[in-house]
Amino acid sequence: MAVSSAPGKVYLFGEHAVVYGEPAVPCAIELRARVGVEQRSDAKLRVHAEDLSLDGFTVEYGGTTDERPDVDVSESLVSAAMGYVDGAIEQVRDVTGEHEVGFDVTIESDIPLGAGLGSSAAVVVAAIDAAARELGTTLETDELAERAYRTEHEVQDGQASRADTFCSATGGAVRVEGDDCRSIEAPELPIVVGFDGGAGDTGQLVAGVRNLREEYGFAADTVASIGDVVRRGEQALADGDLEELGRLMDFNHGLLSALGVSSRTLDSMVWAARDADAYGAKLTGAGGGGCVVALDPTDETETALSFTPGCEQAFRAELADEGVTRLE
Ligand code: MEV
């Protein structure tokens, strides 16, 4: 049995625009998915999820069993989670050349599914790392990030950027622009997360932005403006200027809102953080529901969020310096 963990992430800047080649800056946070993988004597894949912010479910397939779990979240989310594990295992079969191998896979995750905190990337990174090690192959971080990216790209119908998977594999703060991914220095960031308990559909939200961009030139300009915000944000990060970072996060949220990927609760949480004098706040990830990220060294934002209608959880998130971690 091999067990690996990988962190989730928040986007300081640049989600959605990164899909069109603009830069983005995600940061890994200390919320992790842990994946245990054990080789089977047959070619089946059996997946058990202890907690994907679902009630727990087991699906076995590749053989005669295909039990659909009885859970109170949308079927599409469950199917998406299964698709990611399936894709991750395919990558391991490919990289090791062992095409007939089967696995029992157990997933435990602190990261809510589809909430903008990189749950799928963390599961994919940890699953590929653990399954490859179970077969005696330890992948270099770049190879791991590449294989994880291919998995997301396939599951998300060719609409994924490298940002989530690279960040989860390497940890820390990273800069992604097209195929160019690298770690960057970041000051200590007083990150606060607000979660509305919901989840957006990344594929649909990305497709929505694509349609807007095709229909309206000013939507394409909005995407390009996000790129400009990110470039200014990188300078603010390098200068350790938290006030400027916050102003730029506010700006980034406004542009994402214009692209139609915010929601009433995300906007309420962003405004609660602003009213609490956070340096700035924005939605993180694909949007539509899920999480906001704010910067505030005091307790004010966390407290304000916890009283905001629609906010189910508010918590402080530490930057995760380590990406994939080998536990067993
Ligand atoms: C989703 O976490 C981030 C998006 O930019 C999509 C992607 O980069 O693959 C919306």
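Residue indices begin from 1 for each chain and proceed along its sequence in written order. The predicted origin of the model limits local features to residues at a pLDDT of at least 70 and limits the giving and counting of side-chain atom pairs to 80 or more, whereas totals for whole chains, interfaces and linings rest on all residues. Only hydrogens and water are set aside; all other atoms, that is, all heavy atoms of the structure, feed into the side-chain values.

Novice: Where do I start with the site of the ligand in this structure?
Specialist: It suffices for a single heavy atom of a residue to lie within 4 Å of a molecule or strand for the residue to be listed as near it. His16, Val18, Ala160, Ser161 and Asp164 are the nearest of the 14 residues found near the ligand. Under this definition, polar contacts are N or O atom pairs within 3.5 Å; protein pairs additionally need one hydrogen-donor-capable and one acceptor-capable atom, and for neighbouring residues in sequence, both atoms have to be side-chain atoms. One nitrogen or oxygen atom from the main chain of His16 is found 2.9 Å from an oxygen atom belonging to the ligand. Contacts to the ligand include Asp164, whose side-chain N or O atom sits 2.9 Å from an oxygen atom. Expressed as a share of its isolated accessible area of 300 Å², the protein-covered part of the ligand is 96%. Taken together, the residues of the shell around the ligand sort by class into 6 nonpolar, 5 polar and 3 charged. What fixes the domain bounds is an automatic or database domain assignment. Taken domain by domain, the makeup of the shell around the ligand includes at least three residues from each of domain 1 (2–184) and domain 2 (191–317). Here the accessible surface of atoms and residues is derived via Shrake-Rupley with a 1.4 Å probe, and residues count as covered only by protein chains that are part of the display. The nonpolar class holds Ala, Val, Leu, Ile, Met, Phe, Trp, Tyr, Cys and Pro. Asp, Glu, Lys and Arg form the charged class, and all remaining residues, Gly among them, are polar.

Novice: Can you walk me through the environment of Leu248 in this structure?
Specialist: Labels follow the DSSP assignment, with helices taken as runs of H or I lasting at least four residues and strands as runs of E lasting at least two, numbered in each case from the N terminus. Tracing the backbone through its elements, the reader meets Leu248 in helix α7 (residues 242–258). It is 8.4 Å that separates the C-alpha atoms of Leu248 and Phe13, two residues lying 235 residues apart in sequence.

Novice: So what exactly am I meant to see when it comes to the nonpolar core here?
Specialist: The tendency in soluble globular proteins is for nonpolar side chains to be buried side by side. Of all hydrophobic cores here, the largest spans 99 residues; its most connected members are Phe13, Phe103, Val105, Leu117, Leu189 and Ile191. Sort the elements by how many residues they give to this core and helix α2 (residues 119–134) lands first, with 10 residues. When we break this core down by domain, the ones giving at least three residues each are domain 1 (2–184) and domain 2 (191–317). What is meant by a nonpolar core is a set of buried Ala, Val, Leu, Ile, Met, Phe, Trp, Tyr and Cys residues, joined one to another through side-chain atoms within 4.5 Å. Burial here depends on accessible area, computed with a 1.4 Å probe over protein chains only, as a share of the maximum for the residue type. Under 20% is buried, over 50% is exposed, and the range in between is partly exposed.

Novice: Would you mind showing me how to read the UniProt feature "domain: GHMP kinase C-terminal" (unreviewed entry) in the protein here?
Specialist: UniProt positions are given in the numbering used here, feature names are shortened, and annotations may be inferred rather than shown by experiment. In the numbering adopted here, UniProt assigns the feature "domain: GHMP kinase C-terminal" (unreviewed entry) to residues 235–301. Annotation note: span residues 235–301, helix share 54%, strand share 13%, distance between end C-alpha atoms 25 Å.

Novice: Looking at this structure, I do not really get the confidence of the model for the protein. What am I missing?
Specialist: Residues shown with low pLDDT carry predicted positions that ought not to be read at fine detail. On a range of 0 to 100, pLDDT expresses the predictor's confidence in each residue. When pLDDT is averaged along the protein, the result is 90; 91% of the residues meet or exceed 70. Here a residue-residue contact requires only that any non-hydrogen atoms of the pair lie within 4.5 Å. Segment residues 53–76 is flagged for pLDDT under 50; beyond a separation of four residues in sequence, or across chains, it makes 51 contacts in the model.

Novice: Would you mind going over helix α3 (residues 141–155) with me for this structure?
Specialist: Residues separated by three or four positions in an α-helix point in the same direction, a consequence of the helix having 3.6 residues per turn. To estimate how far a helix should reach, multiply one less than its number of residues by 1.5 Å. Taking 1.5 Å per residue, 15 residues should reach 21 Å; α3 reaches 21 Å between its end C-alpha atoms and fits that length. Three or more residues of α3 are buried, namely Leu144, Ala145, Arg147, Ala148, Tyr149, Thr151 and Glu152. Within two residues after α3, Asp157 carries a phi angle of roughly 55°, on the positive side.

Novice: It is not clear to me how a negative patch on the surface should be interpreted in this structure. Could you clarify?
Specialist: Here a patch means residues that are over 30% exposed by relative accessible area and free of salt bridges, tied together within 9 Å if like-charged and within 5 Å if nonpolar (Val, Leu, Ile, Met, Phe, Trp, Tyr). Just to be clear on terms, a salt bridge is a Lys or Arg side-chain nitrogen sitting within 4 Å of an Asp or Glu carboxyl oxygen. When charges are counted, neither His nor the chain ends are considered; positive counts come from Lys and Arg and negative counts from Asp and Glu. For this purpose, a charge sits on NZ of Lys, CZ of Arg, CG of Asp or CD of Glu. Judged by side-chain charge, Asp275, Asp277, Asp299 and Glu300 come together as a negatively charged surface patch. As for its placement among the helices and strands, Asp275 is situated in helix α8 (residues 264–275). Residue classification places Asp275 among the exposed positions, given a relative accessible area of 62%.

Novice: Before we go on, may I ask you to explain unusual backbone geometry in this structure?
Specialist: Note: most residues except glycine have negative phi, and most peptide bonds are trans. Phi at His16 is positive, roughly 70°, even though this residue is not glycine. Tracing the backbone shows His16 in the loop between β1 (2–13) and β2 (25–39). A positive phi is found at Asp277, a non-glycine position, where the angle reads about 65°. Its place among the elements puts Asp277 in the loop between α8 and β9 (280–283).

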